[in-house]
Amino acid sequence: MLQITDLTVRYGSIPAVRGVTVEVAEGELVTMVGPNGAGKSSTMRAVAGLEKPAGGTITFDGRPIGGLRPEQVVAAGLALVPEGRHIFGGLTVKENLSLGAVSRRDRKAVAADLERELERFPILRERIDQAAGFLSGGEQQQLAIARALMSRPQLLLLDEPSLGLAPRMVDSVFATIESLRADGITILLVEQNATRAVAMSDRYYLLRTGEVVRSGLAGPDQVAGLAEDYLAGHS
Ligand code: ATP
């Protein structure tokens, strides 16, 4: 479904991503892990159209999407939940959710999708007319995910969804990811909670200084080997 091949991303002369190849098949949950600065977010941002690739190709369902503008990437069927959530604090929960569907014309279907997201995240229904800035961090993360789902993506890009959340909210974010996956939503995830993310994924990629240094099948049995390799990167 998503094929990233030999991707390079640079900030000026600094190479942040150096020849990364990552693949996500339909229905998979794939996680990218690795230490800070490994290039995980830059890879996500390039896929989402927020950074222009300096090299390599990105295709989605066989169609090249590398270098498209963010709204064109959304139209192609991908949605990014960015690191730091980036919800609009001064707008209501409902307004934030509507923004996720801003490019859609099928009003009836949008209304049905809004209802579905409010079923999925009951706290958002309770707070539907409140300014999003008053939500807790965990609630804002739910809003950011629900907003992304309002574009009816075929592939959801989740960048550090548990970052900065209280432990109970981290649990709830992981439960949300599990349930999205059970709904058949294809997900590319970046998580600093590496063991936990890998334990629930189908496959993983370990990045370090802009390169994929290890990849393979994920799941609870793969975590021990990964932890060794991951820690080696920190020493
Ligand atoms: P983190 O968990 O810290 O976000 P990451 O694996 O997502 O790490 P990136 O954020 O992609 O890594 O960063 C990769 C490299 O690119 C780092 O060395 C970082 O300092 C650099 N970098 C990221 N964004 C920029 C930017 N806007 N300008 C310059 N350098 C950047």
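It should be emphasised that the depicted structure is a prediction, and the values quoted were computed from it without experimental measurement.

Novice: In this structure, what is going on with the site of the ligand? I would like to understand it.
Specialist: Around the ligand, the neighbouring residues are Tyr 11, Ala 16, Pro 35, Asn 36, Gly 37, Ala 38, Gly 39, Lys 40, Ser 41, Ser 42, Glu 83 and Glu 160. Note that an oxygen atom of the ligand is positioned 3.0 Å from one of the backbone N or O atoms of Ala 38. Per element, the largest residue contribution to the shell around the ligand is three residues, and it comes from helix α1 (residues 40-47).

Novice: Looking at this structure, I do not really get unusual backbone geometry. What am I missing?
Specialist: Glycine aside, residues mostly have negative phi, and peptide bonds are mostly found in the trans state. Even without glycine at this site, Arg 152 takes up a positive phi of about 55°. Residue class for Arg 152 comes out partly exposed when judged on its relative accessible area of 46%. Of note in the backbone geometry, Thr 209 takes a positive phi value of approximately 40° without being a glycine. Mapping Thr 209 onto the fold places it in the loop between β9 (203-208) and β10 (211-217).

Novice: Help me out: how do you make sense of the sheet that holds strand β7 (residues 155-159) in this one?
Specialist: Through backbone hydrogen bonds, the strands of a sheet pair up, either in parallel or in antiparallel fashion. Here we have six strands laid out as an open sheet, ordered β6-β7-β8-β3-β9-β10, and mixed in their pairing. The strands lining the two open edges of the sheet, one partner per strand, are β6 (78-81) and β10. Averaged over all pairs of adjacent strands, the angle between their axes in this sheet comes to 15°, without regard to strand direction. Here β7 pairs with strand β8 (residues 186-190) via five bridges, running parallel. By the bridge assignment, Leu 157 is partnered in β8 with Leu 188. Against the sheet, helix α6 (residues 137-149) contacts β6 and β7, and its axis sits at roughly 170° relative to β6.

Novice: Looking at this structure, I do not really get the environment of Val 223. What am I missing?
Specialist: Secondary-structure assignment places Val 223 in helix α9 (residues 223-234). Between the alpha carbons of Val 223 and His 86 there is a distance of 31 Å; along the sequence they are 137 residues apart. The residues contacting Val 223, other than those within four sequence positions of it, are Thr 195, Val 198 and Ala 199.

Novice: How should I be thinking about the sheet that holds strand β5 (residues 63-64) in this particular structure?
Specialist: The four strands lie next to each other as β2-β1-β4-β5, forming an open sheet whose pairing is antiparallel. Unpaired on one side and paired on the other, β2 (14-24) and β5 mark the two borders of the sheet. Examined bridge by bridge, strand β4 (residues 55-60) and β5 share two bridges and lie antiparallel to one another. If you follow Thr 59 over to β5, its bridge partner there is Pro 64. Of the strands in this sheet, β1 (2-11), β2 and β4 touch α1, which is tilted by about 110° from β1.

Novice: Whenever I open this one, the packing of α6 against helix α7 (residues 167-182) confuses me. Can you help?
Specialist: Any two packed helices are characterised by the angle at which their axes cross and by the distance between the axes. Orientation of α6 relative to α7, taken along the N-to-C sense of each, is 20°, at an axis distance of 9 Å. As judged from the angle between their axes, α6 and α7 are roughly parallel. Crossing hand, α6 versus α7: right-handed. Taken together, the residues of α7 that come into contact with α6 (itself represented by Gly 138, Glu 139, Gln 141, Gln 142, Ile 145 and Leu 149) are Met 169, Ser 172, Val 173, Thr 176 and Leu 180.

Novice: How should I be thinking about the pattern of salt bridges in this particular structure?
Specialist: Oppositely charged side chains may form a pair once their charged atoms are brought near each other. In the structure shown here, the tally under the stated rule is 14 salt bridges. Among the ionic pairs, Arg 152 bridges to Asp 113, the shortest N-O distance being 2.7 Å. Separated by 39 residues along the polypeptide, Arg 152 in the loop between α6 and β7 and Asp 113 in helix α4 (residues 107-120) bring together distant segments of the chain. Accessibility expressed as a relative area gives 2% for Asp 113, which makes it buried. Several salt bridges converge on common partners, so that one network encompasses Asp 113, Arg 116, Glu 117, Arg 120, Arg 152 and Asp 183.

Novice: Looking at this structure, I do not really get the pairing of β8. What am I missing?
Specialist: Look at any regular strand and the pattern is simple: side chains alternate between the two faces of the sheet. In terms of burial, β8 is largely enclosed, as five of its five residues are buried. On β8, burial covers both faces: Thr 186, Leu 188 and Val 190 on one face and Ile 187 and Leu 189 on the other are all buried. Pairing geometry for strand β3 (residues 29-33) and β8, over four bridges, is parallel. For Thr 31, the partnering residue across the bridge sits in β8 and is Leu 189.

Each value, and the rule that gives it
Starting from 1, residues in each chain are numbered consecutively following that chain's sequence as written. Residue-level local features of this predicted model are given only where pLDDT is at least 70; pairs of side-chain atoms are given and counted only at 80 or more, and the full residue set underlies all totals for whole chains, interfaces and linings. The side-chain numbers reported here are obtained from all heavy atoms of the structure, hydrogens and water having been left aside. One heavy atom within 4 Å of a molecule or strand makes the whole residue count as near it. Any pair of nitrogen or oxygen atoms within 3.5 Å is treated as a polar contact; in protein, a donor-acceptor pairing is required on top of that, and neighbouring residues in sequence qualify only through side-chain atoms on both sides. Put simply, DSSP H or I for four residues or longer makes a helix, DSSP E for two residues or longer makes a strand, and each gets a number counted from the N terminus. In this scheme, a residue with accessible area under 20% of its type's maximum is buried, one over 50% is exposed, and one in between is partly exposed, where area comes from a 1.4 Å probe on protein chains only. By this definition, two strands are paired if DSSP reports at least two bridges between them. Geometry is summarised by axes, namely lines fitted to C-alpha atoms with helices restricted to the contacting stretch, and by angles between N-to-C directions that run from 0 to 180 degrees. By definition, residues are in contact when any of their heavy atoms lie within 4.5 Å. Geometric relationships in this document are graded by angle, where less than 35 degrees denotes roughly parallel, more than 145 denotes roughly antiparallel, 65 to 115 denotes roughly perpendicular, and other angles denote oblique. Crossing chirality is assigned from the near helix's rotation relative to the far helix, an anticlockwise turn below a right angle marking it left-handed and a clockwise turn marking it right-handed. Any Lys or Arg side-chain nitrogen located within 4 Å of an Asp or Glu carboxyl oxygen qualifies as a salt bridge.

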